[in-house]
Amino acid sequence: MKRPELPGPDCDIECITEPVAFTPPPLVQGDLFDGGLNQVLNMMPELVDRAKQKPASIRRLAKALGIDEKAARKLYEQAIQIHDHREAYQRYLRCKEYWDWRRSPEAGIEIDRYRAEMDELFRSAAEVPVRHYVEIHHVDQEVARLLDSGFWDAGGGYYGPMDWLVDMGVITRKDVEILLKRGYLRVTQGDPETLLTDYAYPEQAMGRWLDDRIRCGECKAVLDYNLVGLNHKLGRTEEAHYRCLTCLGLSEEQAYSIIGRYKSSGCPLFV
Ligand SMILES: [Zn+2]
């Protein structure tokens, strides 16, 4: 038996989402002694369609048939069962081709195979090795503003695979260097030695506005991490007193040599 196309010509989604019955409901004798069941069944679409509360439907029924509410309730319960069964059987008939296939051994095999494929897909996805788990937390506001990424400005943290941060573009290699140096980033699993080399870090990170940058208090040039470190070493520890190289009267060579010296001594203010 071959799997039919879905949806079939008469198929609506109800055939799949609503209950179906594969056998017709029992026939209701259409004689005078059925206690009014046929009459109630004929009223059923209207009673159900109006989406009325059940007690209201039963009162309506009692009034229409001139019987008490207890008898009306009994008839209603009987009728709704038959009504639902009829509907369920109609759904089966509308999508008979699909349901006959669905109940066949061939379908069972196909569905099992599909499930196995999905399981395998999940398994292989779970097997992609996580090279590093990292923890980042409570990044100091000044340090956060010296990062390429604005991700840490709000003081939030992260615990999870390094891949996610790289894939989302919320960290650059320089950011990792700074966060490692200052102890805000901790490798909880994996080799810390390969953290900087194992990933294709993005050139630019998202979420950093030009206005957020730390700038020279005089000429407003943007200052990077090492320049802020240099200012600290020169006793300029307040942002208003930070200066760029030009305003400090330093040449690039002089700055490079000072920064290099501190860097090689392991000072966390330089990367
Ligand atoms: Zn300046």
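Rules used in this analysis
Residues numbered from 1 in each chain as written. Predicted model: local features only at pLDDT ≥ 70, side-chain atom pairs only at ≥ 80, totals over all residues. Helix = DSSP H or I, 4+ residues; strand = E, 2+ residues; numbered from the N terminus. Buried ≥ 20, exposed ≤ 12 C-beta atoms within 10 Å, placed from the backbone. Contact = placed C-beta atoms within 7 Å. Core = buried A, V, L, I, M, F, W, Y, C linked by C-beta atoms within 7 Å. Domains from an automatic or database assignment. Pairing = 2+ DSSP bridges. Axes fitted to C-alpha atoms, helices over the stretch in contact; angles between N-to-C directions. Parallel < 35°, antiparallel > 145°, perpendicular 65-115°, else oblique. Left-handed = near helix turned anticlockwise from the far one by under 90°. Nonpolar A, V, L, I, M, F, W, Y, C, P; charged D, E, K, R; others polar.

1. Some details on the overall build of the protein
- A tally of regular secondary structure across the protein gives twelve helices and three strands.
- Along the three orthogonal principal directions, the C-alpha set of the protein runs to about 110 × 50 × 30 Å.
- Counting all 271 residues of the protein, 19% fall into the buried class.
- A separation of at least 24 residues holds for 71% of the contacts in the protein among residues at least 6 apart in sequence.

2. Brief notes about the environment of Pro-202
- Of note, Pro-202 is situated in the loop between strand 3 (185-189) and helix 10 (225-233).
- Between the alpha carbons of Pro-202 and Glu-120 there is a distance of 32 Å; along the sequence they are 82 residues apart.
- Beyond its immediate chain neighbours, meaning those up to four positions away, Pro-202 contacts Gly-169 and Thr-172.

3. With respect to the nonpolar core
- Counting 26 residues, the largest nonpolar core has Ile-136, Val-139, Ile-178, Leu-179, Leu-185 and Val-228 as the members making the most contacts within it.
- At the level of elements, strand 1 (133-136), helix 8 (162-167), helix 9 (173-181) and helix 10 are the ones that each hand at least two residues to this core.
- At four residues, the largest contribution of residues to this core is made by helix 10.
- Here this core spans two domains, since at least three of its residues come from each of domain 2 (133-194) and domain 3 (214-264).
- Apart from the residues within four sequence positions on either side, Ile-136 is in contact with Gly-157, Tyr-158, Leu-179, Tyr-184 and Leu-185.
- Membership of the second largest hydrophobic core comes to ten residues, among which are Ile-58, Leu-61, Ala-72 and Leu-75.

4. Remarks on the domain arrangement of the protein
- Per the domain assignment, the segments making up the protein are domain 1 (21-94), domain 2 (133-194) and domain 3 (214-264).
- Distance between the C-alpha centres of domain 2 and domain 3: 23 Å.

5. So, the sheet that holds strand 1
- Pairing in this open sheet of three strands is antiparallel, and the strands run 2-1-3 from one edge to the other. Among the strands making up the open sheet, the edge pair consists of strand 2 (158-161) and strand 3. Adjacent strand axes in the sheet meet at a mean angle of 20° when their direction is disregarded.
- Relative to strand 2, strand 1 is paired through four bridges, and the arrangement is antiparallel. Counterpart to Tyr-133 in the pairing with strand 2 is Pro-161.

6. Topic: the environment of Lys-263
- Within the secondary structure, Lys-263 sits in helix 12 (residues 252-264).
- Look at Lys-263 and you get partly exposed, because 16 C-beta atoms sit within 10 Å.
- C-alpha separation for the pair Lys-263 and Arg-103, spaced 160 residues apart in sequence, amounts to 72 Å.

7. Overview of the pairing of strand 1
- Residues Val-134 and Ile-136 line the buried face of strand 1, whereas the alternating positions Tyr-133 and Glu-135 sit on a face that is not buried.
- Bridging between strand 1 and strand 3 involves four bridges; their strand directions are antiparallel. Counterpart to Val-134 in the pairing with strand 3 is Val-187.

8. Here we look at helix 10
- Most of helix 10 is tucked away, with seven of its nine residues classed as buried.
- The complete set of buried residues in helix 10 reads Tyr-225, Asn-226, Leu-227, Val-228, Gly-229, Leu-230 and Asn-231.
- Next to the buried residues of helix 10 lie helix 9 and helix 12.
- Backbone geometry just downstream of helix 10 places Gly-235 in the positive-phi region, at approximately 85°.

9. Thoughts on the packing of helix 3 (residues 54-65) against helix 4 (residues 69-94)
- At a minimum axis separation of 8 Å, helix 3 and helix 4 run at an interaxial angle of 110°. In terms of axis orientation, helix 3 runs roughly perpendicular to helix 4. Remark: the crossing between helix 3 and helix 4 carries right-handed chirality. Every residue of helix 4 that contacts helix 3 at Ser-57, Ile-58, Arg-59, Leu-61, Ala-62 and Leu-65 is listed here: Glu-69, Ala-72, Arg-73, Leu-75 and Tyr-76.
- Residue classes in the contact of helix 3 with helix 4 are distributed as seven nonpolar, one polar and three charged.

10. Concerning the packing of helix 10 against helix 12
- At their nearest, the axes of helix 10 and helix 12 sit 11 Å apart, and the two run at 85° to each other. Considering their axes alone, helix 10 and helix 12 lie roughly perpendicular with respect to each other. Contacts between helix 10 and helix 12 pair Asn-226, Leu-230 and Lys-233 from the former with Ala-255, Ile-258, Ile-259 and Tyr-262 from the latter.
- Of the residues assigned to the contact of helix 10 with helix 12, the class counts are five nonpolar, one polar and one charged.

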